[in-house]
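Each chain, letter by letter, is given below.
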Amino acid sequence: MTMNATGRPTTPQISDAHAMTTMSGSRGLLQDVGLIFEIGSPEKTGVDLPALSGRADRLGGVTRKTQTGLPGLSEPEAVRHYVRLSQRNYAIDLGLFPLGSCTMKHNPRLNEKIARLPGFADIHPLQPQRTVQGALALIDELATWLKTLTGMPAVAMSPKAGAHGELCGMLAIRAALQARGQGEIRKRVLVPESAHGTNPATAVQCGFVVDEIKANARGRVDMDDLRAKLESSDDIAGIMLTNPNTCGLFETDIKEIADLIHNAGGYFYCDGANFNAIVGRVRPGDLGVDAMHINLHKTFSTPHGGGGPGSGPTVLSDALAPYAPVPFVIKNDDGFRLVESVAKDGAQSFGRMVAFHGQMGMFTRALAYMLSHGTDGLKQVAEDAVLNANYIQARLKHVMTPAFDGYCMHEALFSDAFTAEGIETMDIAKALIDEGYHPMTMYFPLVVHGAMLIEPTETESKQELDRFCASLESIARRAGQGDESLKTAPHLAPMKRLDETQAARKPILKWSPPAPQAVAAE
Ligand SMILES: *Cc1c(COP(=O)(O)O)cnc(C)c1O
């Protein structure tokens, strides 16, 4: 095959139907996208401004004398470049996003409209508080919803992600232990082996030691293992437990777990990332939870691909509420006020976690979502999310292997037991790309061999679920028969199998021009 200097074929290639390439790299109407460094050049620019004259140099002589080397583009080139790139992306607005443990649901456009209202979007965090009473009222109202839905007396609104909420809760637990004079003694935090990686990471970051609890054959906490760990120690700080857990299952012994932890003198941190499955149906406060973060971007809708934005308000029990971080909103006769300092009203607070007050844009979206759904609508969210996941599990269980018996909650978990020798979870995930779907969560949770975790959410119709299941069913059949073509999937994507290990270990973050190649290599 003849290649040009950037490694692209110089003549159309038709080796098999799937691998056909064209001169332009086009697939259908999707043209190949060159790197911005390849299509731009320092001499080009999208704007044409007269040279500055007659102005004093106000930079104290540090003005750049040489070119930055950044590529210039004309406006149409820039627009096309980014629009083409955006067409390479998969998005929740394009189709079902089966990632488990992520709650990728449709984000109502109404929320976006509300978040862009200038009275919310254009205010500054340093504005005098009397000029932002509406924003403070919104934070307070959202806090009331969160407390009501979780059955908890207090909430810290400022954490900016689920993991940040975990940090908030665990710092509150540490502060409470220190206030009891046990900060140096109670160092052990129990974490089930199926936990999301952020749980043990958070515990360690707060200076705790992680002790892993086993899962039983039903995918829940092994109660014998838990009791044994509690009996043999007086250094328990608490437990970090996800409910529904990362296997997509409700922790049926959760109330007993809470009692055991409390009797052992510890606190119960609940990872609430999966609240979408129980919102409006179960109040975590009734289960004995002391602290729980809520991923607003998962349960209460905010577009959250690509690493942001996030928001992780953390509800706290009476025992932990005094240690909540500043700032927080309080209401008095003059209206709403932010408590900003660790003194007076915030005297026991463990401190501050963010520069300002949290993710205002997400607070606005979350409250719009809640008000437009109402309490009955939120309850139906949970019910439909669970129904959809069970539909997928039921439709696929004759060709794939459910990891555990019985109904699931909001996500269906399969092991790779159904695949023929040599076919792995990775191959199935890659084949889904050819079917036009983003892969499901794979190899997580770790307690299930070759795990495939699928969370459809409540926003998918039966028609869409059927389309997705038909695709996965055909891939699963091929996997069961040992179809070798799965090993090289995806065949239709612009990029095939990337060396993900190399990309993570040796990332090349800076572009350098390709070495000049006089004659194309064969
Ligand atoms: C998503 C998730 C987290 C982390 O939340 P971020 O907002 O991504 O920091 C923690 N635990 C579980 C179970 C999750 O699914």
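Quick caveat: nothing in here was measured; it's all calculated off a predicted structure.

Rules used throughout
- Residues numbered from 1 in each chain as written.
- Predicted model: local features only at pLDDT ≥ 70, side-chain atom pairs only at ≥ 80, totals over all residues.
- Heavy atoms only, no water.
- Pairing = 2+ DSSP bridges.
- Helix = DSSP H or I, 4+ residues; strand = E, 2+ residues; numbered from the N terminus.
- Axes fitted to C-alpha atoms, helices over the stretch in contact; angles between N-to-C directions.
- Contact = heavy atoms within 4.5 Å.
- Near = heavy atom within 4 Å.
- Polar contact = N/O pair within 3.5 Å; in protein donor to acceptor, adjacent residues only side chain to side chain.
- Areas by Shrake-Rupley, 256 points an atom, 1.4 Å probe, with all protein chains shown as cover.
- Nonpolar A, V, L, I, M, F, W, Y, C, P; charged D, E, K, R; others polar.
- Buried < 20%, exposed > 50% of the residue type's maximum accessible area, 1.4 Å probe, protein only.
- Lys, Arg positive; Asp, Glu negative; His and termini not counted.
- Salt bridge = Lys/Arg side-chain N within 4 Å of Asp/Glu carboxyl O.
- Core = buried A, V, L, I, M, F, W, Y, C linked by side-chain atoms within 4.5 Å.
- Domains from an automatic or database assignment.
- Buried area = accessible area lost by both parts, 1.4 Å probe.
- Expected span 1.5 Å × (residues − 1).
- Bend = angle between axes of the 7 residues up to and from the residue.
- Right-handed = clockwise from strand over helix to strand, strands pointing away.
- Disulfide = S-S within 2.5 Å.

A short note on the sheet that holds strand 5 (residues 267-271)
Adjacent strands of a sheet pair through backbone hydrogen bonds, lying either parallel or antiparallel.
Here is step 1: The mixed open sheet is built from seven strands, whose spatial order is 1-7-6-5-4-2-3. If you trace the sheet from one side to the other, it starts and ends with strand 1 (154-156) and strand 3 (209-213), each paired once. Each neighbouring strand pair of the sheet contributes to a mean axis angle of 25°, computed without reference to strand direction.
Here is step 2: Packed onto the sheet, helix 6 (residues 162-179) meets strand 1, strand 2 (188-192), strand 4 (236-242), strand 5, strand 6 (291-293) and strand 7 (314-316) and runs at close to 175° relative to strand 5.
Here is step 3: Sitting on the sheet, helix 8 (residues 223-231) is in contact with strand 2, strand 3 and strand 4, with an inclination near 145° to strand 3.

With respect to the site of the ligand
Here is step 1: Taken together, 13 residues lie near the ligand, and Gly162, Ala163, Asp271, His297 and Lys298 sit nearest.
Here is step 2: For the ligand, an oxygen atom lies 2.8 Å from a polar atom in the backbone of alanine 163.
Here is step 3: Taken by itself the ligand offers 380 Å² of open surface, and the protein chains cover 86% of this.
Here is step 4: Counting residues per element, the ones that place at least two in the shell around the ligand are helix 6 and helix 10 (296-299).
Here is step 5: Top contributing element to the shell around the ligand by residue count: helix 6, with three residues.
Here is step 6: Per-class residue counts for the shell around the ligand are three nonpolar, seven polar and three charged.

Overview of the side chain of glutamate 166
Here is step 1: Of note, glutamate 166 is situated in helix 6.
Here is step 2: Buried and unpaired, glutamate 166 has lysine 298 as its nearest opposite-charge partner, separated by 7.9 Å.
Here is step 3: Not counting chain neighbours up to four residues away, the residues in contact with glutamate 166 comprise Thr198, Asn199, Thr202, Met240, Tyr269, Asp271 and His293.

Here we look at the pairing of strand 4
Here is step 1: Counting buried positions along strand 4 yields seven of seven residues, so the element is predominantly enclosed.
Here is step 2: Here three bridges tie strand 2 to strand 4, and the two strands are oriented parallel to one another. Each bridged residue has a counterpart across the sheet, and for valine 189 the counterpart in strand 4 is glycine 238.
Here is step 3: Examined bridge by bridge, strand 4 and strand 5 share five bridges and lie parallel to one another. Residue pairing across strands places isoleucine 239 opposite phenylalanine 268, the latter belonging to strand 5.

Overview of the nonpolar core
Here is step 1: Core analysis: the largest hydrophobic core is formed by 56 residues, its most contacted members being Leu142, Leu146, Leu226, Ile239, Leu296, Phe300 and Met370.
Here is step 2: Of all elements in the fold, only helix 5 (133-150), helix 8, strand 4, helix 9 (254-263), strand 5, strand 9 (335-339) and helix 11 (360-396) reach the threshold of two or more residues within this core.
Here is step 3: At eleven residues, the largest contribution of residues to this core is made by helix 11.
Here is step 4: The residue makeup of this core includes at least three contributed by each of domain 1 (110-369) and domain 2 (381-505).
Here is step 5: Those residues in contact with methionine 370, other than ones at most four positions away along the chain, are Leu142, Trp145, Leu146, Leu149, Phe300 and Leu378.

Description of the domain arrangement of the protein
Here is step 1: With domains assigned, the protein is organised as domain 1 (110-369) and domain 2 (381-505).
Here is step 2: On a C-alpha basis, the centres of domain 1 and domain 2 stand 31 Å from each other.
Here is step 3: The interface of domain 1 with domain 2 comprises 22 residues on the first partner and 17 residues on the second.
Here is step 4: Surface buried jointly by domain 1 and domain 2 totals about 1500 Å² across both partners, of which 65% is contributed by carbon and sulfur atoms.
Here is step 5: Contact with domain 2 buries surface across domain 1, with Cys247, Asn276 and Ala277 losing the most and accounting together for 31% of the total.

A look at helix 11
Here is step 1: Spanning 37 residues, helix 11 covers only 41 Å between terminal C-alpha atoms, well under the ideal 54 Å at 1.5 Å per step.
Here is step 2: Taken as a whole, helix 11 carries its principal kink of about 100° at glycine 374.

Let's talk about the pattern of salt bridges
Here is step 1: On inspection of all chains with the given rule, the structure shows 24 salt bridges.
Here is step 2: Note that aspartate 466 is salt-bridged to arginine 395, the shortest N-O span being 2.8 Å. Note that aspartate 466 is positioned in helix 13 (residues 462-480) and arginine 395 in helix 11, a separation of 71 residues in sequence.

Some details on the side chain of glutamate 251
Here is step 1: With respect to the secondary-structure elements, glutamate 251 resides in the loop between strand 4 and helix 9.
Here is step 2: No salt bridge is formed by the buried glutamate 251; its nearest oppositely charged neighbour, arginine 220, is found at 5.5 Å.
Here is step 3: In terms of polar contacts, glutamate 251 uses its side chain to reach the side chain of asparagine 245, at 2.9 Å.
Here is step 4: Here glutamate 251 is in contact with Gly219, Arg220, Val221, Leu241, Thr242, Asn243 and Asn245, once residues within four sequence places are set aside.

Some words on the sheet that holds strand 10 (residues 401-402)
Here is step 1: If you trace the four strands from one edge of the open sheet to the other, you get 10-11-13-12, paired in antiparallel fashion. Strands at the two margins of the open sheet, each flanked by one partner only, are strand 10 and strand 12 (441-442).

With respect to the pairing of strand 3
Here is step 1: Pairing geometry for strand 2 and strand 3, over five bridges, is parallel. Each bridged residue has a counterpart across the sheet, and for arginine 188 the counterpart in strand 3 is valine 209.
Here is step 2: Viewed along the sheet, the connection from strand 2 through helix 7 (residues 198-205) into strand 3 turns out right-handed.

Let's talk about helix 5
Here is step 1: A rise of 1.5 Å per residue sets the reference length of helix 5, with its 18 residues, at 26 Å; its end C-alpha atoms lie 26 Å apart and thus fit the reference within 8%.
Here is step 2: Within helix 5 the residues assigned to the buried category are Ala135, Leu136, Leu138, Ile139, Leu142, Ala143, Trp145, Leu146, Leu149 and Thr150.
Here is step 3: Two residues or fewer past helix 5, glycine 151 is found with a positive phi of approximately 65°.

A look at the state of the cysteines
Here is step 1: One pass over the full model with this rule turns up zero disulfides.
Here is step 2: This cysteine, cysteine 168, is not joined by any disulfide, and cysteine 206 carries the nearest cysteine sulfur, 9.8 Å off.
Here is step 3: Judged by relative accessible area, cysteine 168 falls into the buried class, the value being 0%.
Here is step 4: There is no disulfide at cysteine 408, and the cysteine sulfur nearest it, in cysteine 247, is 11 Å away.
Here is step 5: Residue cysteine 408 is classed as buried on the basis of its relative accessible area of 5%.

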